[in-house]
Amino acid sequence: MAILSLAWKSLLNRRATLFVTLCSIALSVALLIGIERLRIETRTSFTQTVSGIDLIVGARGGSLPLLLYSVFRIGQPTNNLSWESYLDLADHPRVAWTIPLSLGDSHRGHPVLGTNQDYFTHYRYGHGRPLAFAAGKPFADLYDAVLGAEVARALGYGLGDEIIVAHGLGEAVFARHDDKPFRVVGILARTGTPVDQTVHVSLEAIEAIHIDWQGGAPIPGLTISAEEARAMDLTPRAITAVLVGLDSRIATFRVQRFVNEYRQEPLLAILPGVALAELWTVIGVGERALLVVAGFVVLVGLFGLLTVLLTSLNERRREMAILRSVGARPGHVFALIVGEAGLVTLLGTLLGMALLYGLLFIAQPLVAAHLGLHLAIGWPAAREAAWLALILTAGLATGLIPAYRAYRTSLADGLTMRL
Amino acid sequence: MTTRRLLLFAATLLMLAACGDRDGGQMGRGEPAGDIDETVETIDWDALIPEDWRPETLFAGYDIDEIDDEDPLAQTLMDKLLALWREAPIVPELDGRRIRLPGFVVPLEGDGVRIWEFLLVPYFGACIHVPPPPANQTVHVVTEPERGYRGALFDTVWVAGTIRVVTGATELAEAGYRIDAMRVTPYVAPGVRDD
Amino acid sequence: MRTAVDTTADPVIRLAKLAFRWRTGTAAVLRLDRLEIRRGERVFVSAPSGGGKTTLLGLLAGVIAPTEGTVEVLGQRMERLSGARRDRLRADHIGYVFQLFNLIPYLSVIDNVTLPGRFSRRRRTRAATRTGSPEAEARRLLAHLDLGDDGLVRRPVTQLSVGQQQRVAVARALMGSPEILLADEPTSALDADRREAFLTLLFDECAATNLTLILASHDHTLASRFDRAIALQDVAPAAAAT
């Protein structure tokens, strides 16, 4: 204890020099733990988004793209599946419920999702929680829209407001379905998932706004008014994907097989858990690379500490002689230097964590706004604690080298005052 | 293409059937690990299939190599096989037994670190390269999130817990197995104990 | 760490047939055939530069061990003790004053004076029994050495004058009443007036606790104030090459 308080005072005395070292350790710790945190948080928020869905069905293609565009609104579908195939699937004896999804339109940068009432009944997030309404109710009329929490917040919409849906995705869109405005009838409670980012309308509404767009662009002279559209057949011709719930999870493979071997149309059914696991495998490589880089950054920080401690040793020989004269053993000198290294690392780690939490508080709303994912800010997880312990150990180990040198010199110098 | 698949199918079935006849089939028998208490019995996948369900009898009298892709017989056999597959009867006596079973993990629910709900299947790549296992060779494993398995897709594990025979909600639904897992541990091959 | 230290031993220090060389095969830097120092004695050790003063003090302080002969301090044969036990003996029983830069720059004046207490329970306890706490003892000692001014005590040690620093060093050496005080050229950085005042204060303190003082210096003008003066070249035979 006596030695630690000496180490502390010695550090305070050299705070100007050590501050830089401290900062580099703090930054590297923030980087390393930040990457670890984001890694886990990403996984958590992704897995929070798909809950209780047994299969996701879409057009034949890659399983990861299907997962990403259907649930996370990342990337774009290459193909649709026909309404008839959807009805077939929904009729399968083992299928308990389905949620049809139709994507491709947007409202001021927010994706517009065509679906049906089952979405509000069966969609689950956060390991089994159903969607709740912060205000209003599900859509009933053709031109009703239900907003995700973040859409309503970001654009300042309330119940009864009118919104225009644009064709295609992205913020700057020049082709608007402005002849058929929607009315906001419901706003969902925040979920921390991409649902918050989404504008929900009925499948028929998606059909209605595209009814005069048969050629890929509005046909001149042929405009169908919102009211005229109501009278027409608005049965969807195709949808983007289907979320499927089964009556028993044991039937998963059987229904998956039914879909994958569906003869009328090439389809793909994926298990969200498996697709996510594949996703972790894919991004795991990148994560590991990032962690390795961050680990090296920590090492560089510790090398900085090593340099500072080593270069200070020569000018501290006098100090060591004084300590020896008042009865310090060479072991005390050793402990003093290791203690200094440990204290700097500890302070750097604490500072780094403070920095990280500061950044997380800043990033949380931004991530929610742009990705619709919720970053939970909690205490360090066991793995992070293990990282921190490892860094502290490495810091102490860094101290061993200069400490050993100081030990040797103080043995050799004894009470010789080298000036 | 059909023949190729039929062959795979048949091979899988035979593999399953063979499991019970020999010691040390693919994920067959493992030595009980020392820390599992006495009441837990280690079983193999064959124990989940009734004695009288013999898929290999279907092929008696046919030389599968001789059947051409275009041969209508291939489709007939395939359909028969699928029907048999779909049947997948279970062993009701297993219900409530405390057992331990090895297999591959096909994740259903988890948080990216732990997996607390998954399908346990007896052979690897169950959903990509070979036809998926029938319902009586697919075990729905449920555990408490805190006890979830820390691992990845297709990891091999030992699942210890109480096995339940689950009958479907509807008439058409086939029955299957669920294990309320007490413990999910990485698979250690018999004889390769790391204690 | 039980050392049978005899704090009442007299003579306090006894050297016999002593030789010290840094490395075997090199010339001895110090030879002393016989030296005994009695309790409360004030001994002046003179030697030319490089004449083995610091080596002698190092041997007495137990930082180095003799190559030949015996060094007995407070009844303990230093050459027979381990390094750790010699460190313990020094921590408990010996105060040391350097020529210059005696103070640890990052510690306050009080912290510098109480420093021996960090390494020796004995000195901590003795300081506490005397004035209540090591800090109070430090203030008492500083006051005795004309450093009672509160503003001075609060100043960073690097801002003290050389004379003040040397007196703080003496206060530290006297902390917890050790039996022996070793001083290596403590006055060489002081001007004549300061030197006299410094010695007076030092002698007063030594007398008060019957402390044995061994002061090494090349300045012979000081010798007259001591009980005894030893010139190292007198007792040490000319350092013969071996």
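A brief structural summary. (Residues numbered from 1 in each chain as written. Chains lettered and ligands numbered in written order. Predicted model: local features only at pLDDT ≥ 70, side-chain atom pairs only at ≥ 80, totals over all residues.)

1. Observations regarding the overall build of chain B
Along its length, chain B carries two helices and seven strands. Counting from the amino terminus, chain B carries its helices and strands in the arrangement α-β-α-β-β-β-β-β-β. Classification of the 195 residues of chain B by burial places 34% in the buried group. For chain B, the proportion of contacts with a sequence separation of at least 24, taken over those separated by at least 6, is 66%. (Helix = DSSP H or I, 4+ residues; strand = E, 2+ residues; numbered from the N terminus. Buried ≥ 20, exposed ≤ 12 C-beta atoms within 10 Å, placed from the backbone. Contact = placed C-beta atoms within 7 Å.)

2. Overview of the interface of chain A and chain B
Contact residues are listed per partner, giving 26 residues for chain A and 25 residues for chain B. Residue assignment for the side of chain A that touches chain B shows that the elements contributing at least two residues are α2 (15–49), α9 (252–260) and α10 (272–315) of chain A. No other element matches α10 of chain A, which puts six residues into the side of chain A that touches chain B. Looking at side-chain class alone, the side of chain A that touches chain B contains 10 nonpolar, nine polar and seven charged residues. (Nonpolar A, V, L, I, M, F, W, Y, C, P; charged D, E, K, R; others polar.)

3. Re the interface of chain C and chain A
Residue-level contacts link 25 residues of chain C with 19 residues of chain A. For the side of chain C that touches chain A, the secondary-structure elements that each account for two or more residues are α1 (53–61), α2 (83–93) and α3 (109–119) of chain C. When its residues are assigned to classes, the side of chain C that touches chain A shows 16 nonpolar, five polar and four charged.

4. Notes on the nonpolar core
Ranked by size, the top nonpolar core spans 103 residues in total, and within it Ile56, Val57, Ala145, Val242 and Ile270 of chain A together with Val159 of chain B carry the most contacts. Non-local contacts of Ala145 of chain A, meaning those with residues more than four positions away in its chain, are made with Phe139, Ile163, Phe182, Arg183, Val184, Val185, Val199, His200 and Val201 of chain A. Of all hydrophobic cores here, the second largest spans 101 residues; its members include Ile33 and Val326 of chain A together with Leu30 and Ala169 of chain C. (Core = buried A, V, L, I, M, F, W, Y, C linked by C-beta atoms within 7 Å.)

5. A look at the sheet that holds strand β3 (residues 42–46) of chain C
Residues and elements named next belong to chain C. Pairing is parallel across the open sheet formed by five strands, whose spatial order is β6-β7-β8-β3-β9. Strand pairing shows two members of the sheet lacking a second neighbour, β6 (94–97) and β9 (228–231), which therefore form its edges. When strand polarity is set aside, the average angle formed by the axes of neighbouring strands in this sheet is 15 degrees. Relative to strand β7 (residues 180–184), β6 runs parallel, the two being bridged by four bridges. Counted as the bridge partner of Val97 is Ala183 from β7. (Pairing = 2+ DSSP bridges. Axes fitted to C-alpha atoms, helices over the stretch in contact; angles between N-to-C directions.)

6. What about the environment of Pro194 of chain A?
Residues and elements named next belong to chain A. Among the structural elements, Pro194 can be located in the loop between β11 (182–188) and β12 (199–202). Residue Pro194 is classed as buried on the basis of its 23 C-beta neighbours within 10 Å. Along the chain, Pro194 and Glu150 lie 44 residues apart, while their C-alpha atoms are 9.1 Å from each other.

7. Description of the environment of Leu142 of chain C
Residue and element names in this part refer to chain C. For Leu142, the position within the fold is in helix α5 (residues 134–144). Residue class for Leu142 comes out buried when judged on the 23 C-beta atoms lying within 10 Å of it. Between the alpha carbons of Leu142 and Val168 there is a distance of 6.7 Å; along the sequence they are 26 residues apart. Apart from the residues within four sequence positions on either side, Leu142 is in contact with Val113, Leu147, Gly148, Val153 and Ala171.

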